[in-house]
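An overview of the molecular structure
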Amino acid sequence: MRDGTGAGSGAEEPAPLLELSGVRAAYGPIEVLHGVDLRVGPGKVVALLGPNGGGKSTTMKVCAGLLPVTGGELRFAGRRVNGVSAEDAARLGVCSIPEGRGIFPNLTVRENLWVATGTGARLRDVEEAAYSRFPILAERRDQLAGSLSGGQQQMLALSRALGTNPAVLLLDELSMGLAPMIVTQMYDTVAQLVAEGLSVLVAEQFARAVLPIADTAALMLNGRVVSAGAPAEIEDQLSSSYLGG
Amino acid sequence: MTTFLTFTILGLVLGAVYAIAASGLVLTYNTSGIFNFAHGAQAMLGTFLYWQLTYGWGLPMWLSLIIVVGVVGPAMGAALHALIMKGLRDTADVTKIVVTVAILLGMLFLSQWIWHPEDARIMEMFFGAGAKVEFSGVVIRYHEIICLLAAAAIAVGLRVLFTRSRVGVVMRGAVDDPDLLRRCGHNPDRIAMLSWALGSTLAVLAGVLITPVGGGALEANALTLLVIDAFAAAMFGRLRSIPRTFAGAMVLGLAATYVAAYFPTDWTWAGNLRVSLPMIILFVVLIVLPQDRLRGAAIRTRERYRAPTVRKAVTSGAALVAGVFLLALLMDDTSITTFGLGMTFAIIALSLTVLTGYAGELNLAPLSFGAVATIVAFHFGITGTGLAARLTPWGVLLAVLVTAVVGGLVALPALRLRGLYLALATMAFGVFLSNMVLRDTTEHTLFGVTFSLFPNGTLIVPPLQVGPLDLRDGRTLLMTATVLFALIAIGLVALRNSGYGRRLAAMKDSPAASAMLGQNLVKLKFGVFMLSAAIAGLGGVLMASAGGSVAGDNFHIMASLSLVMLTVVGGIGYVSGALFGGLMSGVGFTIIIGTFNDLAAATPPMETIFKSLGHLAMVATALIGMGVGKNPSGMVHDLFESYRALRNARPVLIGGAAAQAVLYVLALTGVIGNWWFAVLTACLVMMLPVFGRMLAPTAVRETPLELVGVDEPYTPELRDRLDRELGLAPALGGDRHAVA
């Protein structure tokens, strides 16, 4: 049974690495997550799907520790970590790559990788992992990251997950603004990381890109997870929920 | 040749110190996005402390140097970051600028409190002025060698820090995306604190090094402004590049020295030129350097202003005039004159409301435009002599028109500048005017006309007379200034509600979007700058004539900065904020200091306590300015919001009005003194919303946002409230439906 999200199915199942239970979160006075339940088991890929404004990015921010939880519980490997700061979350092994480009445009490629070592990795390891996976980055190591192409920038962002050996990877809209070929290449990399034992929570507006590698899919609407299950089942519901039908 | 080499070395030394100061500025700007106007004041405080330790208390030089540069410098920077700068995220440029300006003023007041400004303090060079070496006739002092070596070491050190160490690389990333730093496991606050500590240390070091080079006398104002000269150097590197900043600093130091050395001595203005050279260079560099392109995304800030309707403005204007009239009945003649002076400042402050509050452009030197108008009125607008001398209305009109043109001319090259750069350009203009024009006291002959722009350093400006209206009488002046203020304020509110005002607001929110909609930004900026300068000019002439005479110091950049700060404290988006800012900076300080001095004189045993309280009040005023970071929309905004909640609690409002009327009658009949009247009135105004919440909780309570419109009809007011809370632009009445 491929279950990363649903209710616990048995005592033998290991504790999920990342778990949200009844999580509420708000921007100022306006609550946008009204009780989100989600769990990412070890080595699983959970795809968070849904239309714009559904609360996907906010959920990702909560998991990364950038937005405080106002209700419910956020758990890393079974431990309650409500109110964890983003830097502590990162040190605990949560590698989060934000929407858009998760890079520093005014630093060079190498300096970007250097900043990525804030979680305790060594620069040499990070560089090696990044350059062997994306050789183009090695050629451009002294170029300003802001002058790379969109795809190369996303490679650089993803390189942080390669060398720093995190437990959970949070990917927000990886495909945004990228050519389909690059998107495929990105998700190949993600699939390889998963094969090495990484757990991934990925938010995508365009389901097709991510469903092939997902173990579970969850559909978010209006700040709630409305349904979760096997990717194929959720895919069938997608068109109706996107189109409001 | 020897002379040339000597001057070159002097120039390089000056440049080296500028470079140290400027690199600290660049450092903090790049890690926090805050341009620290208080950088010079930090240098000043550190230098005074160094003097106190070495000369006051006789500590060995090396020990006081370690204490000041090694401990106090970093601690001051770290404290500034922890207490104030951290809270400045997501605020508009004007808020950031005003907070650092407030720190500047607070540090100045603090130093004047601790170190009485009239005592002479001399600082010697390291190893004394006599310690020197000589190369083929060129004398170099040890102190100068130390300056050069320190600058070189810092240049290399910063280069290594920023490119060869992880913490330096992380610092450079901090300003781009602090959240991303967090995701990478770094703590951006700790990084920013480190950079503030470093920047502050560099400032203090620069101060300690430059004072003996510049003659050795410690003077708080001069030292504060001297390091402001480093701004020009920092601008060479566009506030980013440290090497170019160093190059700029050297150019600046050499230019200043060569002007002093080689300009003919009979050019009387050469000395003034030397002083204002950095500001001229700053202005030129700002204009010449390539600018950032318009950014597409609107930056969401925490400032919120709602535009009042014209009807409300007319009512408030009438209420203001009536209130001032009633108040004037309570006051004696001197107070009335002071009050009138404050009202003219409020008119100058209105120029900021339209320029900064409505259009989002910055002007840090509003009083300089007042100075331009005053000079024009003095030269061309006076009839009669002695006591019969009067300003003519035509003279005032001419002064206002000329000021508008000057405002346009200043704005013209500055039109491509935005935000901080524009603020610096206006400041450069203000300092330039103070140094070049307002010190132009000697006569010169040009095209056969002998004149001086600012004869004898004081302009006697007689009162204005328009037909039967003679402003020699203080009461008439006060009422005229009040009516003028009300009229201009109503005009501005009407402007804000017109299509032109909406275009200004659009330009403020997103220049790129506004340009894409076909707005001519240059024309908009040009127009609003001229309008603003004209208002400042009118206020300036009235201010000069209300005081009877003005000296160059009345238009000093510090006075301008304090006016800008207090207007922002009041609420720069509101005409009432201008009223608050003008009254406070025009007469508030005078009254505070006066009150405590009177108390001190009246009770000799308590003299020191009251004098200290007076100083404390001055420093506290600057503290209010620093509080703007917490509450960037201004005090007036908060007051409006609290009264808005009282709208449905009529009994409370009527009760408050009745209590105020009773207070007034008591004051008028002499039962209570004016002082008590003022204090009780202030208490009543502040406390009424609190009473309202206690007495009529149901009428005051607001529905929680998420329940709005659930069990009540969904009115336009509710929709506006939602827009407001969501931070959307205020609804534009009828136009909105067309958009939606």
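Please read all numbers here as calculations on a predicted model, not as lab measurements.

Conventions and cut-offs
- Throughout this description, residue numbers start from 1 for each chain and increase along the sequence as written.
- Written order decides the labels, with chains lettered from A and ligands numbered from 1.
- Restriction of local features to residues with pLDDT of at least 70 applies here, the model being predicted, together with a cutoff of 80 or more for giving and counting side-chain atom pairs; totals for whole chains, interfaces and linings are based on all residues.
- In DSSP terms, a helix is any run of H or I states spanning at least four residues, a strand is any run of E spanning at least two, and both are numbered starting from the N terminus.
- Atoms counted for the radius of gyration: C-alpha only. Globule rule: 2.2 Å times the number of residues to the power 0.38.
- Counting other C-beta atoms within 10 Å of its own, a residue is labelled buried from 20 upward, exposed at 12 or fewer, and partly exposed in the gap between, with every C-beta atom placed from the backbone.
- Here, residue contact means that the backbone-derived C-beta atoms of the two residues sit within 7 Å.
- Two strands are said to pair when DSSP picks up at least two bridges between them.
- By convention a crossover is right-handed if, when the strands point away from the viewer, the path from the first strand over the helix to the second runs clockwise.
- To obtain each axis, a line is fitted to C-alpha atoms, and for helices this fit is confined to the stretch in contact; angles are then taken between N-to-C directions over 0 to 180 degrees.
- In the scheme used here, Gly and all other residues not listed as nonpolar or charged are polar, with Ala, Val, Leu, Ile, Met, Phe, Trp, Tyr, Cys and Pro taken as nonpolar and Asp, Glu, Lys and Arg as charged.
- Nonpolar cores are built from buried Ala, Val, Leu, Ile, Met, Phe, Trp, Tyr and Cys residues. These are joined into a set through C-beta atoms within 7 Å.
- How far each domain reaches was decided by an automatic or database domain assignment.
- Just so you know how the angles are binned, under 35 degrees is roughly parallel, over 145 roughly antiparallel, 65 to 115 roughly perpendicular, and the rest oblique.
- Crossings are sorted by hand: turned counterclockwise from the far helix by less than a right angle, the near helix makes the crossing left-handed, and turned clockwise it makes it right-handed.
- The predictor attaches a confidence to each residue, and that confidence, scored 0 to 100, is pLDDT.
- Any helix carries an expected span of 1.5 Å times its number of residues minus one.

1. Concerning the overall build of chain B
Within chain B one finds 30 helices and ten strands. For 740 residues, the compact-globule formula gives about 27 Å, and the C-alpha radius of gyration of chain B, at 27 Å, lands near that figure. Its C-alpha atoms give chain B principal-axis dimensions of roughly 85 × 70 × 65 Å. Classification of the 740 residues of chain B by burial places 47% in the buried group. For chain B, long-range pairs separated by at least 24 residues make up 77% of all intrachain contacts whose partners lie at least 6 apart in sequence.

2. With respect to the overall build of chain A
Looking only at helices and strands, chain A has nine helices and ten strands in total. At 17 Å, chain A has a C-alpha radius of gyration in line with the 18 Å of a compact globule built from 245 residues. Taking the principal axes of its C-alpha atoms as reference, chain A extends roughly 45 × 40 × 35 Å. By residue count, 47% of the 245 residues in chain A fall in the buried class. For chain A, the share of sequence-separated contacts (at least 6 apart) that also reach a separation of at least 24 residues comes to 70%.

3. A few points about the pairing of strand 8 (residues 199–204) of chain A
Residue and element names in this part refer to chain A. Across the six residues that make up strand 8, a large majority, six, are buried. Burial along strand 8 is two-sided: Ser199, Leu201 and Ala203 facing one way and Val200, Val202 and Glu204 facing the other are all buried. In this sheet, strand 8 lies alongside strand 7 (residues 168–172) in parallel orientation, the contact comprising five bridges. If you follow valine 168 over to strand 8, its bridge partner there is serine 199. On the question of chirality, the crossover connecting strand 7 to the parallel strand 8 by way of helix 7 (residues 180–195) is right-handed.

4. What about the sheet that holds strand 8 of chain A?
Residues and elements named next belong to chain A. In space, the six strands of this open sheet follow the order 6-7-8-3-9-10, with mixed pairing throughout. A single partner strand is all that each edge strand has here, and the edge strands are strand 6 (94–97) and strand 10 (224–229). Strand-to-strand twist of the sheet, defined as the mean angle between neighbouring strand axes without regard to direction, takes the value 15°. Here helix 1 (residues 56–64) sits on the sheet in contact with strand 3 (45–49), strand 6, strand 7, strand 8 and strand 9 (216–221), set at roughly 150° to strand 7.

5. Points about the interface of chain A and chain B
At the junction of the two partners, chain A supplies 24 residues and chain B supplies 18 residues. At the level of secondary structure, the elements contributing two or more residues to the side of chain A that touches chain B comprise strand 2 (30–40), helix 2 (86–91) and helix 3 (109–115) of chain A. Broken down by element, the residue count for the side of chain A that touches chain B peaks at four residues, all from helix 2 of chain A. Within the side of chain A that touches chain B, the residues separate by chemical class into 13 nonpolar, six polar and five charged.

6. Focus: the nonpolar core
Counting 286 residues, the largest nonpolar core has Leu170 of chain A together with Val17, Ile20, Ala21, Leu282, Ile347 and Leu350 of chain B as its most contacted members. Taken together, domain 1 (2–288) and domain 2 (310–606) of chain B each give at least three residues to this core, which thus spans both.

7. Description of the environment of alanine 150 of chain B
All names here are of chain B. Structurally, alanine 150 is set in helix 5 (residues 142–164). For alanine 150, a count of 18 C-beta atoms within 10 Å puts it in the partly exposed group. It is 13 Å that separates the C-alpha atoms of alanine 150 and threonine 201, two residues lying 51 residues apart in sequence. With residues up to four places along the chain from it excluded, the contact list for alanine 150 reads Ile20, Leu205 and Leu209.

8. A look at unusual backbone geometry
Residues and elements named next belong to chain A. For asparagine 165, which is not glycine, the phi torsion reads 55° and is therefore positive. By secondary structure assignment, the location of asparagine 165 is in the loop between helix 6 (150–163) and strand 7. C-beta crowding within 10 Å serves as the criterion here: with 16 such atoms nearby, asparagine 165 is assigned to the partly exposed category. Phi at glutamate 173 takes a positive value of approximately 50°, unusual for a residue other than glycine. Mapped onto the elements of the fold, glutamate 173 is located in the loop between strand 7 and helix 7. For glutamate 173, a count of 19 C-beta atoms within 10 Å translates into the label partly exposed.

9. Considerations on the sheet that holds strand 1 (residues 18–27) of chain A
Strand-to-strand pairing in sheets goes through backbone hydrogen bonds, with the strands running parallel or antiparallel. Residues and elements named next belong to chain A. Read across the open sheet, the four strands follow the order 2-1-4-5; overall the sheet is antiparallel. Edge strands, defined here as strands with exactly one partner in the open sheet, are strand 2 and strand 5 (79–80). Here strand 1 runs beside strand 4 (residues 71–76); their pairing, made up of five bridges, is antiparallel. Of the residues in strand 4, the one forming a bridge with serine 21 is glutamate 73. Contacts between helix 1 and the sheet are confined to strand 1, strand 2 and strand 4, with strand 2 contributing the most and set at about 70° to the helix.

10. A look at the packing of helix 19 (residues 499–509) of chain B against helix 21 (residues 521–547) of chain B
All names here are of chain B. Close contact between helix 19 and helix 21 brings their axes to 11 Å; oriented N to C, the two are set at 110°. The orientation of helix 19 with respect to helix 21, classified from their angle, is roughly perpendicular. Note that helix 19 runs across helix 21; the crossing there is left-handed. Each of Arg503, Leu504 and Met507 in helix 19 lies in contact with helix 21, whose residues at this interface are Leu521, Leu524 and Val528. Each residue belonging to the contact of helix 19 with helix 21 can be placed in one class, and the counts come to five nonpolar, no polar and one charged.

11. As for the packing of helix 2 (residues 39–56) of chain B against helix 8 (residues 188–213) of chain B
Residue and element names in this part refer to chain B. At their nearest, the axes of helix 2 and helix 8 sit 7 Å apart, and the two run at 60° to each other. Classified by the angle between their axes, helix 2 and helix 8 sit oblique to one another. Crossing geometry of helix 2 relative to helix 8 is assigned as right-handed. Between helix 2 and helix 8, the residues in contact are His39, Gln42, Ala43, Met44, Gly46, Thr47 and Tyr50 and Ser200, Ala203, Val204, Ala206, Gly207, Val208 and Thr211, respectively. Here the contact of helix 2 with helix 8 is composed, by residue class, of seven nonpolar, seven polar and no charged.

12. What to know about the confidence of the model for chain B
Residues and elements named next belong to chain B. Averaged over every residue, the pLDDT of chain B is 83; the share at 70 or more is 91%. Counting contacts from residues 731–740, a segment whose pLDDT is below 50, to residues more than four positions away or on other chains yields five contacts. Here the prediction assigns the complex a pTM of 0.83, and the interface score ipTM is 0.88.

13. So, the pairing of strand 9 of chain A
All names here are of chain A. Within strand 9, five of the six residues are buried, leaving the element largely enclosed by the surrounding structure. Sheet analysis places strand 3 next to strand 9, joined by four bridges and oriented parallel. Bridging from a neighbouring strand, valine 46 pairs with threonine 216 of strand 9. Across five bridges, the pairing between strand 9 and strand 10 is antiparallel. Its bridge partner being in strand 10, leucine 219 is matched across the sheet by serine 227. Between strand 9 and strand 10, which follow one another and run antiparallel, lie two residues, and asparagine 222 among them has a positive phi close to 50°.

14. Focus: helix 6 (residues 166–174) of chain B
Of all the nine residues making up helix 6 of chain B, seven are buried; the element is thus mostly covered by neighbouring parts of the structure. Within helix 6 of chain B, burial applies to Gly168, Val169, Val170, Met171, Arg172, Gly173 and Ala174 of chain B. Against the buried residues of helix 6 of chain B lie helix 3 of chain A together with helix 1 (2–32), helix 5, helix 7 (178–183) and helix 8 of chain B.

15. Some points on the confidence of the model for chain A
Taken residue by residue, chain A gives an average pLDDT of 85. The fraction at 70 or more is 93%. Per-residue pLDDT stays below 50 along residues 1–11 of chain A; that stretch engages in 22 contacts with residues further than four places along the chain or on separate chains.

16. Quick look at the environment of glycine 419 of chain B
Its place among the elements puts glycine 419 of chain B in helix 17 (residues 419–437). Once residues lying within four places of it in the same chain are set aside, the contact partners of glycine 419 of chain B are Asp93 and Leu362 of chain B.

17. A few points about helix 22 (residues 557–570) of chain B
Residues and elements named next belong to chain B. Over its 14 residues, helix 22 runs 20 Å from end to end, which matches the ideal 20 Å to within 8%, given 1.5 Å per residue. In terms of burial, helix 22 is largely enclosed, as 13 of its 14 residues are buried. One or two steps after helix 22, the chain reaches glycine 571, where phi turns positive at roughly 130°.

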